[in-house]
Amino acid sequence: MSQDALLRLAIFLGLFAILAGLEHWAPRRPRPQKTRRWITNWVFVVVDTLTLRALAIFLPFAAVLAAADASARGWGLLNLIGLPSWSELIVVILMMDFAIWVQHLLSHKIPLLWRIHRVHPSDIDLDVPTALRFHPVDIAFSIVSKSHVVSRPVAAAR
């Protein structure tokens with residue numbers, strides 16, 4: 001496993017542990033089916049991770065590859081306008097956040113996407129592991145959607 005992947009995993013697990021700990025020691029209400037739900041949601045994490053790994057191998061337009069390709073070809077909004085790197089970072093964060101919001105909105109409005117996405121909000125209770133509960137096709141749709149939004153990695157700026 002690369003150092004980048006280990007760092008991302010450590011951040012993910014660390015944040016999960018902190019939030020789950022806060023939820024455990026200061027719950028807003030009791031959660032009777034916690035163990036069963038947590039196992040189900042962690043199974044989703046494993047399947048979703050395998051789905052993303054498969055996409056990274058077989059999908060030529062994964063977000064990083066799309067960013068590198070767009071940068072090499074000069075495609076994308078940020079390749080057309082000259083902004084300082086710090087402002088590009090702000091624009092990228094806002095654009096990606098907006099794109100994720102639109103994708104989420106479409107997942108609630110388009111019947112086919114809703115059938116897939118509803119695995120997430122169908123959790124019995126809303127807590128930390130609910131954030132892990134996504135259908136693998138929903139995860140695949142998400143990464144493909146983000147790949148089409150990526151225009152240029154900020155780290156590759158002038």
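Before reading further, recall that the structure is shown in the block above.
Residues numbered from 1 in each chain as written. Predicted model: local features only at pLDDT ≥ 70, side-chain atom pairs only at ≥ 80, totals over all residues. Heavy atoms only, no water.

Q: Talk me through the pattern of salt bridges; I want residue IDs and the actual numbers.
A: A side chain of one charge can pair with a side chain of the opposite charge if their charged atoms are brought near each other. Across all of its chains, the model carries 2 salt bridges by this definition. When the shortest N-O distance is used, the salt bridge between Asp-4 and Arg-8 registers 3.3 Å. Of this pair, Asp-4 and Arg-8 are both found in helix H1 (residues 3–25), 4 residues apart, which corresponds to roughly one turn of the helix. Its salt-bridge partner being Arg-37, residue Asp-127 comes within 2.6 Å of it at the nearest N-O pair. Separated by 90 residues along the polypeptide, Asp-127 in the loop between helix H6 (111–117) and helix H7 (136–149) and Arg-37 in helix H2 (residues 34–58) bring together distant segments of the chain. The pair Asp-127 / Arg-37 is uniform in exposure class, with both members buried. (Salt bridge = Lys/Arg side-chain N within 4 Å of Asp/Glu carboxyl O. Helix = DSSP H or I, 4+ residues; strand = E, 2+ residues; numbered from the N terminus. Buried < 20%, exposed > 50% of the residue type's maximum accessible area, 1.4 Å probe, protein only.)

Q: So what's going on with the packing of aromatic side chains? Residues and values would help.
A: Enumeration according to the criterion identifies 5 aromatic pairs in this entry. Among the aromatic side chains, those forming a connected cluster through ring pairs are Phe-12, Phe-16, Trp-38 and Trp-42. (Phe/Tyr/Trp six-rings, centres within 6.5 Å; stacked < 30°, edge-to-face > 60°.)

Q: Help me get a handle on the environment of Val-45, residues and values and all.
A: Mapped onto the fold, Val-45 is located in helix H2. Here the alpha-carbon distance between Val-45 and Pro-136, two residues 91 residues apart in the chain, equals 9.0 Å.

Q: Could you give me a rundown of H7, with the residues and numbers involved?
A: With 14 residues, H7 extends 20 Å between its outermost C-alpha atoms, agreeing within 8% with the 20 Å of an ideal straight helix rising 1.5 Å per residue. Every buried residue of H7 is accounted for by Pro-136, Asp-138, Ile-139, Ala-140, Ser-142, Ser-145 and Ser-147. (Expected span 1.5 Å × (residues − 1).)

Honestly, that's just the spatial picture; any functional story needs more than this.
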